[in-house]
Amino acid sequence: MPQPSWNVNEIFYSIQGEGRHTGMPAVFVRLAGCTMNCPFCDTKYAARDGKLMTGPEILKALSAWPAKAVIITGGEPAEQDLPALIAVLKDAGYQVHLETNGVRDTDVSRADFVCVSPKKYVSADMLKKADVIKIVVGQDTDLEDLQKYYAYENAKTQIYLQPESNKQENIDLCVKLLKNHPSARLSLQMHKLANIR
Ligand code: SF4
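Scope of this entry: the structure provided in the associated data block. (Residues numbered from 1 in each chain as written. Predicted model: local features only at pLDDT ≥ 70, side-chain atom pairs only at ≥ 80, totals over all residues. Heavy atoms only, no water.)

### Side note on the site of the ligand
Then, number 1: Taken together, the neighbourhood of the ligand is formed by Cys34, Met36, Asn37, Cys38, Cys41, Thr43, Gly75, Asn101 and Lys119.
Then, number 2: Considered class by class, the residues forming the shell around the ligand number 4 nonpolar, 4 polar and 1 charged. (Near = heavy atom within 4 Å. Nonpolar A, V, L, I, M, F, W, Y, C, P; charged D, E, K, R; others polar.)

### Topic: the packing of helix H2 (residues 55-62) against helix H3 (residues 82-91)
Then, number 1: Following both chains from N to C, one finds H2 and H3 inclined at 50°, their axes separated by 10 Å at the closest point. In terms of their interaxial angle, H2 and H3 are classed as oblique. For the pair H2 and H3, the sense of crossing is right-handed. Contacts from Gly55, Ile58, Leu59 and Leu62 in H2 reach Leu85, Val88 and Leu89 in H3.
Then, number 2: Grouping the constituent residues of the contact of H2 with H3 by class yields 6 nonpolar, 1 polar and no charged. (Axes fitted to C-alpha atoms, helices over the stretch in contact; angles between N-to-C directions. Helix = DSSP H or I, 4+ residues; strand = E, 2+ residues; numbered from the N terminus. Parallel < 35°, antiparallel > 145°, perpendicular 65-115°, else oblique. Left-handed = near helix turned anticlockwise from the far one by under 90°. Contact = heavy atoms within 4.5 Å.)

### Description of the side chain of Thr157
Then, number 1: In this structure, Thr157 sits in the loop between helix H5 (143-150) and strand E8 (158-163).
Then, number 2: Overall, the relative accessible area of 2% leaves Thr157 in the buried class.
Then, number 3: There is a polar contact of 2.7 Å between the side chain of Thr157 and the backbone oxygen of Ala130.
Then, number 4: Excluding its chain neighbours within four sequence positions, the residues that come into contact with Thr157 are Ala130, Asp131, Ile133 and Tyr152. (Buried < 20%, exposed > 50% of the residue type's maximum accessible area, 1.4 Å probe, protein only. Polar contact = N/O pair within 3.5 Å; in protein donor to acceptor, adjacent residues only side chain to side chain.)

### Details of the packing of aromatic side chains
In this description, a pair of aromatic rings is defined by centroid distance and the angle of the planes.
Then, number 1: Counted according to the given criterion, the structure contains 2 aromatic pairs.
Then, number 2: Their ring planes at 5° and their centres at 5.0 Å tell us that Phe12 and Phe28 sit as a pair that is stacked. Taken together, the residues span a long stretch of sequence, with Phe12 in strand E1 (residues 5-15) and Phe28 in strand E2 (residues 25-31) at a distance of 16 residues.
Then, number 3: The class of Phe12 is buried, set by a relative accessible area of 13%.
Then, number 4: Residue classification places Phe28 among the buried residues on the basis of a relative accessible area of 8%.
Then, number 5: Both rings, one in Tyr13 and one in Trp65, keep their centres 5.9 Å apart while their planes meet at 35°; by these two values the pair is tilted. Separated by 52 residues along the polypeptide, Tyr13 in strand E1 and Trp65 in the loop between H2 and strand E4 (69-73) bring together distant segments of the chain.
Then, number 6: Taking relative accessible area as the criterion, Trp65 reaches 27% and is therefore assigned partly exposed. (Phe/Tyr/Trp six-rings, centres within 6.5 Å; stacked < 30°, edge-to-face > 60°.)

Any functional reading would require information that these geometric values do not contain.
What follows is the structure in structure tokens.
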């Protein structure tokens with residue numbers, strides 16, 4: 001039987017630049033493909049380019065670095081067999097963080113940390129599974145949607161507002177929104193500000 005494989009855009013070692021774990025060294029496994037085509041997407045290249053890798057091939061790539069934290073991102077990871085990939089990494093002893101748009105309801109029960117950055121058609125069930133709901137805020141952000149996401153905030157789930165592209169006008173808007181909803185938090189894309197790859 002052929003080994004399961006995943007279409008991988010890139011695997012690289014860097015620093016988490018966003019949200020609760022900002023500053024944490026981690027290996028990023030960026031899966032290829034995403035059907036959403038958001039206008040502000042900063043990883044459009046990942047929707048196009050990928051190569052198939054088996055679990056052992058992914059683990060071999062990860063073994064090049066000392067970090068035990070892996071961030072599965074994309075593209076959109078849930079468009080592939082995400083539970084199986086999480087299992088491969090967990091079984092190998094990695095701490096698994098996930099970044100997803102939350103559109104596909106997926107079993108993420110073995111992940112250590114789930115960040116949902118909600119897009120149109122986000123699944124309510126995925127919002128309930130999120131440790132963090134990270135909302136990208138730009139000038140055209142629908143404030144009614146924001147209220148809907150705020151409803152999922154609870155002792156487990158923290159809301160972060162992240163200014164689109166670190167633009168000052170979007171930072172200003174986030175600060176205004178946060179002052180009206182102080183239980184949420186600001187997430188800047190630190191890796192871009194610090195020019196970290
Ligand atoms: S869902 Fe995420 S990866 Fe997909 S197009 Fe939108 S921003 Fe890009």
